[in-house]
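Listed below, chain by chain, are the residues.
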Amino acid sequence: VSGLAIHEKLHVIHSQPLYRWQKSEEVWELARTPAEKKLLHNIANIIEDEYIERQLQKTCAGYVHYIESCKEHYFAKSKVDEIDLNSFTELVNTLLLLVRYPSKLDADRRKKHGKHIRVFMAELKKGIDSRTNTIQCIKNIYTYLLKQAKEMAGDRDITDEDMDSIHD
């Protein structure tokens, strides 16, 4: 619980620039439909969570173990690989695990999503170093995942139900 409280406090301290960006005209042009906005929000949240927690290492390193315990509680014991997901949701979960708890990426997932993981890693390499880099990283990964979603959907439109399954 302490780790979760610290994490949320880190949002209060560090996330205002991201919130302002998310309300900007640029975001409205980038993500036009409710489904696209939801995808962008989810990607931003994944990357922002890692960014804010890295700030704790710089300012109050003694509290990092609370964050690590919290992440272990939510990720190490999760059954993410046992849930039947559509291909795109599985890809978004791969991003989540890569950013938040890389040790949970098993060999099957690494093999299946190797190409995507390399793209994500290229973006994340400097994407969590600064606020400017974080926002650029979010935009680039969003654009990449949106392209993947459209390719996976083929002729079919991406529906709000598809995005709801990602959110769940």
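These numbers come from a predicted model, not from an experiment. In every chain, residue numbers begin from 1 and rise along the written sequence. The predicted nature of this model means local features are confined to residues of pLDDT at least 70 and side-chain atom pairs, given and counted, to a pLDDT of 80 or more, with totals for whole chains, interfaces and linings taken over all residues. Calculated side-chain values reflect all of the structure's heavy atoms, with hydrogen atoms and water omitted.

Visitor: Tell me about the overall build of the chain, residues and numbers included.
Guide: Counting its secondary structure elements, the chain contains 10 helices and zero strands. Listing the helices and strands of the chain from first to last along the sequence gives α-α-α-α-α-α-α-α-α-α. Relative to its 168 residues, the chain shows a buried fraction of 44%. Pairs at least 24 residues apart make up 70% of the contacts formed inside the chain by residues separated by at least 6 positions. Throughout, the Shrake-Rupley method with a 1.4 Å probe supplies accessible areas, and for residues the shown protein chains are the sole cover considered. Total accessible area on the chain stands at roughly 9700 Å², and carbon and sulfur atoms take up 53% of it. In this description a helix means any DSSP run of H or I spanning at least four residues, a strand means any run of E spanning at least two, and both kinds are numbered starting from the N terminus. Only protein chains enter the area calculation, which uses a 1.4 Å probe; residues under 20% of their type maximum are buried, those over 50% are exposed, and those in between are partly exposed. Contacts were defined at the residue level, with two residues in contact if any of their heavy atoms lie within 4.5 Å.

Visitor: How would you explain helix α1 (residues 2-14) if you had to name every residue and give the values?
Guide: Over its 13 residues, α1 runs 18 Å from end to end, which matches the ideal 18 Å to within 8%, given 1.5 Å per residue. Turning to α1, its buried residues are Gly3, Ile6, His7, Leu10 and His11. Buried residues in α1, looked at end-on, bunch into an arc of 150 degrees, giving them a common side. In the core, the buried residues of α1 are packed alongside α2 (16-22), α4 (34-59), α5 (64-76) and α6 (87-100). Under the convention used throughout, the expected extent of a helix is 1.5 Å for every residue step, that is, one less than its residue count. The arc in question is the one traced by the directions running from the helix axis out to the C-beta atoms.

Visitor: Please set out the layout of surface pockets residue by residue, giving values where relevant.
Guide: The definitions used throughout rest on a 1 Å grid laid over the protein atoms alone, on which a cavity is an enclosed set of points accommodating a 1.4 Å probe that cannot get out and a pocket is an open set flanked by protein within 12 Å on both sides along at least five of seven lines; lining residues are those having an atom within 4 Å of a point. Grid points are joined across faces, edges and corners, and a volume is the space filled by probe spheres set on the points. Here the second largest pocket is characterised by a volume of approximately 220 Å³. Every residue lining the second largest pocket is counted, 14 residues in all, and those nearest its centre are Glu50, Arg54, Leu98, Val99 and Pro102. Of all the elements in the fold, those that place two or more residues in the lining of the second largest pocket are α4, α5, α6 and α8 (114-127). Looking at the lining of the second largest pocket, its residues break down into seven nonpolar, one polar and six charged. Only Asp, Glu, Lys and Arg are considered charged, only Ala, Val, Leu, Ile, Met, Phe, Trp, Tyr, Cys and Pro nonpolar, and every remaining residue, Gly among them, polar.

Visitor: Describe the pattern of salt bridges, and please don't skip the residues or the numbers.
Guide: Oppositely charged side chains can pair when the atoms bearing their charge come close. When a carboxyl oxygen of Asp or Glu is within 4 Å of a side-chain nitrogen of Lys or Arg, the pair counts as a salt bridge. This structure, assessed with the given rule, holds nine salt bridges. Here Arg100 and Glu50 are joined by a salt bridge, their closest N and O atoms 2.7 Å apart. In this pair, Arg100 sits in helix α6 while Glu50 sits in helix α4, placing the two residues 50 residues apart along the sequence. Accessibility expressed as a relative area gives 8% for Glu50, which makes it buried. Here Glu53 and Arg100 are joined by a salt bridge, their closest N and O atoms 2.8 Å apart. Residue Glu53 is found in helix α4, and its partner Arg100 is found in helix α6; the two are separated by 47 residues along the sequence. With relative accessibility at 5%, the residue Arg100 sits in the buried group.

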